[in-house]
Amino acid sequence: MDIARKHFITNSIRIKNGKIFLNKETILSLDPKIDFSQFLKDAYKQLALKYPKYHKMDSLCKLGVLGSTILLRDQDFTENTALVFSNASSSHDIDIKHKQSMESIVSPAVFVYTLPNIVLGEISIKHKLQSENVFFIEDQFNADLLVDYSETLLKSGKASSVVCGWIELKNDQYDVLLCLVSNNGEIPFTREKLEELYRFDNE
Amino acid sequence: MMDILLQEDSIISPLGFSTSENIKAIKAGNSGLQFHENSRIQNGGCYAGILDASLLADKFSDIGDAKKFTKLEQMMLLATQSVLNSNQLNLSETALIISSTKGNIDLLDNSQNFSKNRASLNYLARVIQEFFGFKHKPIIVSNACISGGLAVAIAKRFIQVGKFNDAIVVAGDLVSDFVTSGFQSFQSLSATPCKPFSKNRDGISLGEAAAAILVSNKERKGNNISLVGDATSNDANHISGPSRTGEGLYKSIQRALQESKLSASEIDYLCAHGTATIFNDEMEAVAFNRAELVHVPINSFKGFYGHTLGASALIENILTKHSLLNNELYPSLNFEGLGVSKPINIIQKFEKKELKTALKTASGFGGCNLAMILKKSFNGYS
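Residues numbered from 1 in each chain as written. Chains lettered and ligands numbered in written order. Predicted model: local features only at pLDDT ≥ 70, side-chain atom pairs only at ≥ 80, totals over all residues. Heavy atoms only, no water.

Draft legend 1. Summary view of the pairing of strand S7 (residues 173-182) of chain A. All names here are of chain A. Across the ten residues that make up S7, a large majority, nine, are buried. Pairing between strand S1 (residues 8-16) and S7: eight bridges, direction antiparallel. By the bridge assignment, Lys 16 is partnered in S7 with Asp 175. Sheet topology note: the strand S6 (residues 161-170)/S7 ladder contains nine bridges and is antiparallel. Looking across to S7, one finds that Val 163 is bridged to Leu 180. (Buried < 20%, exposed > 50% of the residue type's maximum accessible area, 1.4 Å probe, protein only. Helix = DSSP H or I, 4+ residues; strand = E, 2+ residues; numbered from the N terminus. Pairing = 2+ DSSP bridges.)

This is the structure we're talking about:
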């Protein structure tokens, strides 16, 4: 019995090198040389996010809200859609800013972002999810962990569907893959398929 | 569904270097919170639960060279060693699950005698893995102040689907300048040792500690506490402020109860998060009332330890387990008159009482909430 085959990758989003792909199709392609903060601004505008809170967030949260909003557009999900996220550098992008501010004045508006799971909170607020959350740290993309843990949530009924993936940010280099996993779709939710989606970042 | 048992455990904290030393200190009413000078802080310092580094290094010298490891690593290695000492575990099959919010964060731009990448949680996990020779890559959980409890829930969930049979869960966090300066900027550090749920509470005290526990589906002598329900739920309300309706905490309690097939009226003891901030404790009282837990004896251990962040929910889980095993209710230290808008039944003095079930809750930044239900097996050992 292979229960894993019951779930599918319904939708996937990839953000890397100035490009955003939805189900492997390019939906945004900006000059990879533009700086990261400009990329986040331009992507917000061009993809019509219309969520002013976005501008107050740290970069990791912006990536997460950007990715999840496009991923979940016109999709069926419920408040029990779980979030299973991972990366290598935790919240070090904003941690470094907080550390630098310790020399002078520390800002609570910066400190509040110095945990990797804050992005799960921002996504939950944006999409009204009151679901299971977890943030795993891994030295590199680990499809096994994402598939295995998402499956435990789905099989035990702790989640109706799952958004899982990788959201890495280090030295302004970003690398995001988010997948909506549910009963609908054609791509089986397996390690191989997840790996394939992660490796895909150029046509 | 198979029973998931909470087995050998260890707490390394200012209250002691084993779980039994910690419980002895709690029974004596001793707190790890002391005033520590810190020029960054308005009052010239704050109350915090800080481990004496030379005492720690001395204890650590039994198992390794303290100079080669950071303070946090020494704490987490000692906690793990203690659990491994008591069991014949096959480390090629045992999972290792690590929980921390900030790890060695103070090494991020000032790595002292260590390499710079030692600030990474991946590095911390590798240090623990390699010290003991765990074969499998550790799973690392960093989910704010519910991390330590969530790591136990993750162990249970993976055991139930057959990914492994035994998992060592290790949690640890320090009182770092990084975190202290941040909570100071929020003006949420208490001027006195923190007073959970009290009228005149004015914020948190920070603490540092490490803990470890063996989570397993195999019965072993001397352990008969099962984790029978667990759930997390996000408030979807605010990233740093708790929900006024206690929505996520209420939902996580309901879902954990549902899994455990217990009703609120069957819960004998509630180990709360109780950080002693105005808004957190109020939110918990609201959620506990909505969940009909008004009469359940409840405490917070933050008055003993301070808030140990990613370690707190594991330490408190271990203490909840021992409350059940010992049939003992420990008082909520520093309680000075109920200061929340809804009634709750704070434990004010040590009490011996037959206990069968307990609820452990935790909440954290990012709007996360966790509920776990522990149950004594009636046919087990004790």
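Draft legend 2. Region of the structure containing the layout of surface pockets. All names here are of chain B. Empty space within the largest pocket amounts to approximately 650 Å³. Along the walls of the largest pocket sit 34 residues, with Phe 183, Ser 240, Pro 242, Thr 277 and Phe 365 positioned nearest its centre. Of all the elements in the fold, those that place two or more residues in the lining of the largest pocket are helix H6 (177-185), helix H8 (278-290), strand S15 (357-364) and strand S16 (368-376). Tallying contributions element by element places H8 first for the lining of the largest pocket, with four residues. (1 Å grid on protein atoms, 1.4 Å probe; cavity = no way out; pocket = protein on both sides within 12 Å on 5 of 7 lines; lining within 4 Å. Points joined across faces, edges and corners; volume = space filled by probe spheres on them.)

Draft legend 3. Focus on the pattern of salt bridges. Residue and element names in this part refer to chain B. Here the structure, examined in full by the defined rule, presents 34 salt bridges over all chains. Note that Arg 201 is salt-bridged to Asp 281, the shortest N-O span being 3.6 Å. Here Arg 201 is found in the loop between H6 and strand S7 (206-207), whereas its partner Asp 281 is found in helix H8, with 80 residues between them in sequence. Its relative accessible area of 5% is what places Arg 201 among the buried residues. By relative accessible area, which is 0% here, Asp 281 ends up buried. (Salt bridge = Lys/Arg side-chain N within 4 Å of Asp/Glu carboxyl O.)

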